[in-house]
Amino acid sequence: MFHGSGLFALLLIVLEWTRPGLSSPLRPICDLRVLDHFIKEAWDAEAAMRACKDACSIATNFTVPLTRVDFDVWEAMNIEERAQEVQSGLHVLNEAISSLQASNQTDVLQSHIDASISNIASIRQVLRSLSIPEYVPPTSGGEDKEMQIVSSISELFQVHINFLRGKVRLLLANAPVCHQGVS
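Now for a quick tour of the structure. Just so you know, these numbers come straight off a predicted model, no measurement behind them. (Residues numbered from 1 in each chain as written. Predicted model: local features only at pLDDT ≥ 70, side-chain atom pairs only at ≥ 80, totals over all residues. Heavy atoms only, no water.)

1. What about the packing of helix H4 (residues 79-98) against helix H5 (residues 107-129)?
- The N-to-C vectors of H4 and H5 enclose an angle of 160 degrees; their axes lie 10 Å apart at closest approach. Classed by the angle they form, the pair H4 and H5 counts as roughly antiparallel. Crossing geometry of H4 relative to H5 is assigned as left-handed. Residue-level contacts link Val-86, Gln-87, Leu-90, His-91, Leu-93, Asn-94, Ile-97 and Ser-98 of H4 to Ile-113, Ser-116, Ile-117, Ile-120, Ile-123, Arg-124 and Leu-127 of H5.
- Residue classes in the contact of H4 with H5 are distributed as 9 nonpolar, 5 polar and 1 charged. (Axes fitted to C-alpha atoms, helices over the stretch in contact; angles between N-to-C directions. Helix = DSSP H or I, 4+ residues; strand = E, 2+ residues; numbered from the N terminus. Parallel < 35°, antiparallel > 145°, perpendicular 65-115°, else oblique. Left-handed = near helix turned anticlockwise from the far one by under 90°. Contact = heavy atoms within 4.5 Å. Nonpolar A, V, L, I, M, F, W, Y, C, P; charged D, E, K, R; others polar.)

2. Focus on helix H2 (residues 33-52)
- Taking 1.5 Å per residue, 20 residues should reach 28 Å; H2 reaches 29 Å between its end C-alpha atoms and fits that length.
- For H2, the set of buried residues is Val-34, Leu-35, His-37, Phe-38, Ile-39, Glu-41, Ala-42, Ala-45, Glu-46, Ala-48, Met-49 and Cys-52.
- Just downstream of H2, Lys-53 is the residue with a positive phi angle, here 50 degrees. (Expected span 1.5 Å × (residues − 1). Buried < 20%, exposed > 50% of the residue type's maximum accessible area, 1.4 Å probe, protein only.)

Structure follows, in structure tokens:
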């Protein structure tokens, strides 16, 4: 299997896009095994960061999305609100993980950081294939209401895992395009 930079999902997207006879350049990717691949890679990155301890420490705080889900609130949200929450969280995670690129990590850890950034881009591509609206920065200063601060790289990647397992999975599992024609 592919290890690393989200090549699995990218390959699926390209294969679907180049398949003859498609009227749309991007076919919906409704198989949650694609997300499971990204979750596994996020686990691997978190394990590598945890094992690294002092050599991977960095004296900074990271702003990350909250991962808890209030199911009553989630169910009351429409698809656009859910999409905005997930896309906003992916944006914040991408910013936090991208900030690690300049921290002179070991080659192995740098490969996990690069893979995580690539995987977030691939997840955004999967969301795009499902016609889920892209991230739109808020016009007012209310962006930090669903955010928290973590102080270690390991915690950052733990939030990454939990966000994928929680809100991203909920959004993908209930994407309207994946349930069309299913009764």
